[in-house]
Amino acid sequence: AGIFIALIGLLFTFFTRTKISEVFPFKLPPVRQFFGSCFMYISLMMVNASVSMITSKLFDPEIRSAEIDSMILKMSPFGAIMIVAVLPALCEEFFCRGFLVRCFNSIKSKKILVLLVGIIFGVMHLDPYSFFPTALMGAFLCFIAIKTESLLIPIFLHFANNALSVVMTF
């Protein structure tokens, strides 16, 4: 599914004859922006922990967690990292922070653009329990992509977030 959504962005680029670097920017951002983004990510994780605690009052997180953990534990650690961390980081960032940001570039307000892409990212994961934390993460990654004019930091942070959950599962 992840590869399919990344292909949507590639096809869009091909059919609209847009430069691939406009849809999928890969500029190396300054070191200061990288470390600032990492610090903001850690802060977001604290906010997301609070949001998850509130959400757990509405949904039973144990059922969801047990299903995901059993799926991950059936794979080798390398396979789990590839499937749960590497592919989603690349494919979802290409689609959400590359393709969607480019599609909605007519929205003049960057705040609305960040919010919209965050909501779409949350909905894409099809999980009511994790909608709010995922939407917050999506909005944050969109903000970083717009601010740095690059997908490198969002891809790295997305990978780190997913890889951390895999490592914690094992």
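See above for the structure.
The present account deals with the structure reproduced in this document. (Residues numbered from 1 in each chain as written. Predicted model: local features only at pLDDT ≥ 70, side-chain atom pairs only at ≥ 80, totals over all residues. Heavy atoms only, no water.)

We now examine helix α8 (residues 152–169). Helix length check: α8 (18 residues) gives 26 Å between terminal C-alpha atoms against 26 Å at 1.5 Å per residue, within 8%. Of all the positions in α8, only I153, P154, I155, L157, H158, N162, A163, V166 and T169 are classed as buried. (Helix = DSSP H or I, 4+ residues; strand = E, 2+ residues; numbered from the N terminus. Expected span 1.5 Å × (residues − 1). Buried < 20%, exposed > 50% of the residue type's maximum accessible area, 1.4 Å probe, protein only.)

Counting 12 residues, the largest nonpolar core consists of I5, F95, C96, F99, L100, V101, L113, V114, V117, F121, A139 and C142. Going through the elements one at a time, α5 (77–103), α6 (110–124) and α7 (131–148) are the ones with two or more residues in this core. Among the elements that make up this core, the one with the highest residue count is α5 (five residues). Leave out the neighbours within four places in its chain, and C96 touches V101, V117, F121 and M124. By size, the runner-up hydrophobic cluster in this structure holds nine residues, among which are Y41, L44, M137 and I153. (Core = buried A, V, L, I, M, F, W, Y, C linked by side-chain atoms within 4.5 Å. Contact = heavy atoms within 4.5 Å.)

This paragraph deals with the side chain of T169. Counting through the fold element by element, T169 comes out in helix α8. A polar contact is formed between the side chain of T169 and the backbone oxygen of S165, at a distance of 2.8 Å. Apart from residues lying up to four places away in sequence, T169 is in contact with D69, I72 and L73. (Polar contact = N/O pair within 3.5 Å; in protein donor to acceptor, adjacent residues only side chain to side chain.)

Moving on: unusual backbone geometry. A positive phi angle, near 55°, is found at R17, a position not held by glycine. Within the secondary structure, R17 sits in the loop between α1 (2–15) and α2 (20–23). Looking at R17, the relative accessible area reads 78%, which means it is exposed. Even without being a glycine, L126 presents a positive backbone phi close to 50°. For L126, a relative accessible area of 72% translates into the label exposed.

Look at α6 against α7: their axes get within 7 Å of each other, and the N-to-C directions meet at 135°. Judged by the inter-axis angle, α6 sits oblique to α7. Between α6 and α7 lies a crossing whose hand is right-handed. Counting all contacts with α6, which are made through K110, L113, V114, V117, G118, I119, F121, G122 and V123, the residues of α7 involved are F131, T134, A135, G138, A139, C142, F143 and I146. Tallied by class, the residues present in the contact of α6 with α7 amount to 12 nonpolar, four polar and one charged. (Axes fitted to C-alpha atoms, helices over the stretch in contact; angles between N-to-C directions. Parallel < 35°, antiparallel > 145°, perpendicular 65-115°, else oblique. Left-handed = near helix turned anticlockwise from the far one by under 90°. Nonpolar A, V, L, I, M, F, W, Y, C, P; charged D, E, K, R; others polar.)

If you want to describe how two helices pack, look at the angle between their axes and the distance between the axes. Look at α1 against α5: their axes get within 8 Å of each other, and the N-to-C directions meet at 35°. Crossing hand, α1 versus α5: left-handed. In contact with G2, I3, I5, A6, I8, G9 and F12 of α1, α5 contributes L87, C91, E92, F94, F95, F99, R102 and C103.

A word on the environment of N161. Along the chain, the position of N161 falls in helix α8. The sequence separation of N161 and Y41 amounts to 120 residues, and the corresponding C-alpha distance is 9.1 Å. Ignoring any residue separated from it by four or fewer positions in sequence, one finds N161 in contact with Y41, M45 and M137.

Attention now goes to the side chain of S37. Considering the arrangement of structural elements, one finds S37 in helix α3 (residues 31–55). Since its relative accessible area comes to 4%, S37 is described here as buried. At a separation of 2.7 Å, a polar atom in the side chain of S37 contacts the main-chain carbonyl oxygen of Q33. In contact with S37, not counting residues within four places along its chain, are F140, I144, I153 and L157.

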